[in-house]
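Now for the letters of each chain:
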Amino acid sequence: MTTEPGWSPSSERPPLDEAALRAWAGAPGSGWRELRVVDETGSTNDDLAAAARSGEAAGLVLVSEWQRGGHGRLGRSWTAPPRSGLTFSVLLRPTRPPAALGWLPLLAGLAVVDGVEEVAELRLGLKWPNDVLHDERKLAGLLAERVQDAVVVGIGLNVSLRADELPVQGATSLALAGRPGLDRSVLLTAVLGRLAAWVARWEAGDDQGTRSAYRSRCLTIGRTVRADQPGGQAVSGTAVDVDADGRLVVETTSGPVAVAAADVRHLR
Ligand code: BTN
């Protein structure tokens, strides 16, 4: 166990129930092969990327009670005090062609929305591509990374963070959303269960079902947006759809533009 500052007493922030989680993941029908919990690591995504390169099979879940170097999309960091949230990654080895892989982070967002809504009884939504919002504030973020023929999907969910612990403006936690004291192990199995189910549907080719579910929970559609693309080009207009490749379709003054990757702001 680390002696780094920030570790709260177990009574305030209880550890995950590792034995129960391992048993849950190992049981038939969980959709996962193995679940490991560690006290701390650099980044669960980095660890599973290394495991993927070493030939680790699909279905491994790695959960860390604290990350020293958690990272997010577009080079951002992901920080949270120990045991204040869920920080975990899953290793997938999809059988679908590369063009379809863009759907995996979107489905992970959907799984977080479904799983957390079920446990917390809160209404959540998605900001394209995969920020999970409560009341327009970011509750969870997702990072999908391709590693050879594997995909590592990492999820960070703010559970008990207080306002002074939030890493960025515009973020929130389940506690701040009015749901203090939720059991993180229960939240984790709810999200993992939904994620396994969505990935199975996508692997089975149910593109219509998965796309329609994503669109129905996507808060970006219908909003005036500014999408800053990685190359620096900005697209502004009204977001009207998410297309079959998972791209955001923005109606601009010069016609529709499909955006594959961007930092999106909801303007109105
Ligand atoms: C984002 O909002 O930009 C994505 C954040 C993803 C954070 C998670 S926490 C678990 C996993 N490990 C990482 O280093 N990142 C992801």
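Residues numbered from 1 in each chain as written. Predicted model: local features only at pLDDT ≥ 70, side-chain atom pairs only at ≥ 80, totals over all residues. Heavy atoms only, no water.

## A few points about the overall build of the chain
Put simply, the rule is: Helix numbering and strand numbering both begin at the N terminus, where a helix is a DSSP run of H or I of at least 4 residues and a strand a DSSP run of E of at least 2. Here the globule rule reads 2.2 Å times residues to the power 0.38, and the radius of gyration is calculated from C-alpha atoms. Burial status follows relative accessibility: with a 1.4 Å probe on protein chains alone, a residue under 20% of its type maximum counts as buried, one over 50% as exposed, and anything between as partly exposed. Two residues qualify as a contact provided that any one of their heavy atoms is within 4.5 Å of a heavy atom in the partner residue. Accessible surface is estimated by sampling points in the Shrake-Rupley manner with a 1.4 Å probe; for residues, cover comes only from the protein chains shown.
When you go through the chain residue by residue, the secondary structure sums to five helices and 12 strands. By the compact-globule yardstick of 18 Å for 268 residues, the chain fits well, its C-alpha radius of gyration being 18 Å. Along the three orthogonal principal directions, the C-alpha set of the chain runs to about 55 × 40 × 35 Å. By residue count, 52% of the 268 residues in the chain fall in the buried class. Considering only residue pairs separated by 6 or more positions, the chain has 66% of its internal contacts joining residues 24 or more positions apart. Of the roughly 11,900 Å² of accessible surface on the chain, a fraction of 50% belongs to carbon and sulfur atoms.

## Digging into the packing of helix α3 (residues 103–120) against helix α5 (residues 207–217)
Spelled out, the test is: Angles run from 0 to 180 degrees between N-to-C directions of axes, and those axes are lines fitted to C-alpha atoms, restricted for helices to the stretch in contact. Working rule for angles: under 35 degrees goes down as roughly parallel, over 145 as roughly antiparallel, 65 to 115 as roughly perpendicular, anything else as oblique. Here is the rule for handedness: rotate from the far helix to the near one, and if that takes an anticlockwise turn smaller than a right angle the crossing is left-handed, while a clockwise turn gives right-handed. Three categories are distinguished: nonpolar for Ala, Val, Leu, Ile, Met, Phe, Trp, Tyr, Cys and Pro, charged for Asp, Glu, Lys and Arg, and polar for the others, with Gly belonging to the last.
Two elements in contact, α3 and α5, have axes separated by 10 Å at closest approach and are oriented at 60°. Accordingly, the angle class assigned to the pair α3 and α5 is oblique. Crossing of α3 over α5 shows left-handed handedness. Taking contact as the criterion, the partners of W103, L106, L107, L110, V113, D114 and E117 in α3 are, on α5, T210, R211, A213, Y214 and R217. Of the residues contributing to the contact of α3 with α5, the split by class is seven nonpolar, one polar and four charged.

## Some remarks on the sheet that holds strand β6 (residues 137–147)
Condition: We treat two strands as partners when DSSP finds at least two bridges between them.
Strands sit in the order β1-β2-β3-β7-β6-β5-β4 across an open sheet of seven strands; the sheet is mixed. Edge positions in the sheet fall to β1 (34–38) and β4 (125–127), since each of these pairs with one other strand and no more. Averaged over all pairs of adjacent strands, the angle between their axes in this sheet comes to 20°, without regard to strand direction. Here β1 pairs with strand β2 (residues 60–64) via five bridges, running parallel. By the bridge assignment for β2, R36 is matched with L62. Sheet contacts for helix α2 (residues 44–53): β2, β3 (85–92), β6 and β7 (150–158); angle to β3, the most-contacted strand, approximately 15°.

## Structural notes on the packing of aromatic side chains
Under the convention used in this document: Two rings belonging to Phe, Tyr or Trp (six-membered ring only in the last case) form a pair when the distance between their centres is within 6.5 Å. Interplanar angles under 30 degrees mark stacking, angles over 60 mark edge-to-face geometry, and anything in between is tilted.
In this structure the tally under the stated criterion is one aromatic pair. Aromatic pair W103 and Y214: ring centres 6.0 Å apart, planes at 85°, arrangement edge-to-face. Of this pair, W103 sits in helix α3 while Y214 sits in helix α5, and the two are 111 residues apart along the sequence.

## Here we look at the site of the ligand
The line we're drawing: Note on terminology: near, applied to a residue and a molecule or strand, indicates that one of the residue's heavy atoms is within 4 Å of it. Pairs of N or O atoms within 3.5 Å make up the polar contacts considered here, provided that, within protein, one atom can donate a hydrogen while the other can accept it, and that residues adjacent in sequence are counted only when both atoms are side-chain atoms.
As a matter of local geometry, the ligand sits amid 19 residues, with S43, Q67, H71, R73 and K138 nearest to it. Contact distances for the ligand include 2.9 Å between a nitrogen atom and a side-chain N or O atom of Q67. In this structure, R73 approaches the ligand through a main-chain N or O atom, which is 2.7 Å from an oxygen atom. Summarising the interface, the protein chains cover 98% of the accessible area of the ligand, which totals 410 Å² for the free molecule. Listing elements by their share of the shell around the ligand, those giving two or more residues are α2, β3, β6 and β7. The greatest single-element share of the shell around the ligand, amounting to four residues, is contributed by β6. Across the shell around the ligand, the residue classes break down as five nonpolar, 12 polar and two charged.

## Considerations on the pattern of salt bridges
When their charged atoms lie close together, side chains carrying opposite charge are able to pair. Here is the rule we go by: The term salt bridge refers to a side-chain nitrogen of Lys or Arg lying within 4 Å of a carboxyl oxygen of Asp or Glu.
This structure, assessed with the given rule, holds 26 salt bridges. Residues E165 and R13 are paired through a salt bridge, measuring 2.7 Å at the closest nitrogen-oxygen approach. One end of the pair, E165, is in the loop between β7 and α4 (184–203); the other, R13, is in the segment before α1 (18–26), and 152 residues separate them in sequence. Residue E165 shares its accessibility class with R13, and that shared class is buried.

## Structural notes on α4
Here is the rule: Expected helix span is given by 1.5 Å per residue-to-residue step, counting one fewer step than there are residues.
The end-to-end C-alpha separation of α4 is 28 Å, in line with the 28 Å expected for 20 residues at 1.5 Å each. Sitting at the head of α4, D183 places a side-chain oxygen 2.8 Å from the backbone nitrogen of S185. Of the residues one or two after α4, G205 is the one with positive phi, at around 90°.

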